Amino acid sequence: MYEPHQPSRRILLKSAAATTAALTVGTAASPALAATPAPAPAAAPGGFPDYRYAKTLLTPGQLKYNPTGEIIFPCIRGAQGRVSAPLGRYYLYYAPHDAPGGICLAYGDHIEGPFTEYPHNPIVSNRWQPHYSVTHVSSPHVMWNESAKEMWLYFHGENHTTRLARSKDGINFTYDKVVLTASMLPAGTNETSYARVFPYELPAKNAHYVMLFMLNNTSNHRDIHWGWSADGRTWTFDQKALVSHTDVSAVNVGGPHLLTRGGSAFVVYNKDKESGGDLMITEVGKNFTLRRHLGRFYDSANGAPDNGRSAAPSFGTEGGVPYMVYEAGERLKGSIAVARG
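The rules we used
Residues numbered from 1 in each chain as written. Predicted model: local features only at pLDDT ≥ 70, side-chain atom pairs only at ≥ 80, totals over all residues. Heavy atoms only, no water. Salt bridge = Lys/Arg side-chain N within 4 Å of Asp/Glu carboxyl O. Helix = DSSP H or I, 4+ residues; strand = E, 2+ residues; numbered from the N terminus. Buried < 20%, exposed > 50% of the residue type's maximum accessible area, 1.4 Å probe, protein only. Contact = heavy atoms within 4.5 Å. Pairing = 2+ DSSP bridges. Axes fitted to C-alpha atoms, helices over the stretch in contact; angles between N-to-C directions. Core = buried A, V, L, I, M, F, W, Y, C linked by side-chain atoms within 4.5 Å.

**Concerning the pattern of salt bridges**
- One pass over the structure, following the stated rule, counts 14 salt bridges.
- Close ionic contact of Glu318 with Arg89 constitutes a salt bridge, the shortest N to O distance being 3.3 Å. With Glu318 in strand β20 (residues 310-318) and Arg89 in the loop between β2 (72-78) and β3 (90-95), this residue pair connects regions lying 229 residues apart in the sequence.
- Judged by its relative accessible area of 3%, Glu318 falls in the buried class.
- Since its relative accessible area comes to 13%, Arg89 is described here as buried.
- Among the ionic pairs, Lys273 bridges to Glu330, the shortest N-O distance being 3.4 Å. Within this pair, whereas Lys273 is found in the loop between β17 (264-271) and β18 (279-283), its partner Glu330 is found in the loop between β21 (321-328) and β22 (335-340), the two being separated by 57 residues in sequence.
- Overall, Glu330 belongs to the partly exposed group, its relative accessible area being 34%.
- Salt bridges here are not isolated pairs; linked through shared partners, they connect Glu150, Arg166, Lys168, Asp176 and Arg233.

**Here we look at the environment of Leu105**
- Among the structural elements, Leu105 can be located in strand β4 (residues 104-108).
- Expressed as a C-alpha distance, the spacing of Leu105 and Ile123, which sit 18 residues apart in the sequence, is 7.2 Å.
- Ignoring anything within four residues of it in the chain, the contact list for Leu105 reads Tyr91, Leu92, Tyr93, Tyr94, Thr116, Glu117, Tyr118, Asn121, Ile123, Gly170 and Ile171.

**Remarks on the pairing of strand β14 (residues 223-229)**
- For β14, a buried count of 7 out of 7 residues is recorded, marking the element as mostly surrounded by other parts of the structure.
- Taking every second residue as pointing to the same face, both faces of β14 are buried, with Asp223, His225, Gly227 and Ser229 on one and Ile224, Trp226 and Trp228 on the other.
- Pairing geometry for strand β13 (residues 207-217) and β14, over 7 bridges, is antiparallel. Its bridge partner being in β14, Met211 is matched across the sheet by Gly227.
- Between the end of β13 and the start of β14, which pair antiparallel, lie 5 residues, with Asn220 showing a positive phi angle near 60 degrees.
- Across 2 bridges, the pairing between β14 and strand β15 (residues 236-237) is antiparallel.

**Considering the sheet that holds β20**
- Read from one edge to the other, the open sheet built from 4 strands follows the order β1-β22-β21-β20, with strand pairing classed as antiparallel. Among the strands making up the open sheet, the edge pair consists of β1 (52-58) and β20. Shown here is a sheet whose adjacent strand axes are inclined to one another by a mean of 30 degrees, direction ignored.
- Pairing of β20 with β21 involves 7 bridges; the strand directions are antiparallel. Considered in β21, the bridge of Glu318 is made with Val321.

**Concerning the nonpolar core**
- Ranked by internal contacts, the top residues of the largest apolar core, which has 25 residues, are Ile123, Val124 and Phe173.
- Of all the secondary-structure elements, those providing two or more residues to this core are β3, β4, β8 (138-145) and β9 (150-156).
- Beyond its immediate stretch of four places on either side in the chain, Val124 contacts Gly102, Ile103, Tyr132, Val137, Leu153, Phe155 and Phe173.
- Residues Phe198, Tyr200, Ala265 and Tyr269 belong to the second largest nonpolar core, which totals 21 residues.

Such coordinate-based values are descriptive only and should not be taken to indicate function.
Listed below in structure tokens is the structure:
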């Protein structure tokens, strides 16, 4: 078993030319952006950029579709070169959580915005006959499936079920199937949600994709779990936690995202506000057999917009500049913000 390891910032700053290997969501930068090279980022745990808050992108009060006064779980994806006649170079998916929820879309030409709300939100609602009728749908994660040339949307509703829908244009989706339920995990599991799926090669498991998600059970403490798949549709799930809340002295951990660097894999995830509200990082290794807890990845600010909590990060680059789009603020009281590396 690997003991937690927290390298000092002084040591990490000595790592040369540290760059992020977060999934690139865009294409070439515009001439204006390309003409101004970004300064070399400082090193954060794992050698990733030290992200700093840049601006707030979306708040519930500015949105036409705003049934509950809250939004969560952003996912930024490049649309140019992937879908025909995109509304903008970048698609930003998000959702309210509380009933009725609804998967929503905003679009823009830069990761730093501005973003325009899609006028016909939600693009996926809590009722989709004959497939389901639930109290809410939320936590959109969209993965570009290169082989299918489609945007694949993973979303939850209810909290114990994750579903898949597929789209050629990133706006109009066709229902596919249920990919994860609480019944697929150990007895006592009552929540399997906030899933993100990434292309990732695990030859020993004949897998081309991995899924990270949050699990809750009768203990009412949330942990990070994972699974693997050959096709992104049919999954096998590890019955043990990938990252337990006890590993990082938290009540709950959630909102996981996969990053890769130097031939290794890392999971970035959030603590609950009462446990510090920061984003943490754990190295899981090339084959997901390592457990090296590297400490704080992003320090949530006490002031606005973080108000002591940052969560559910989504990563991308534009013009060589790394970005992190994240949920800023107390749960169900926050906004969607962007930090620059």
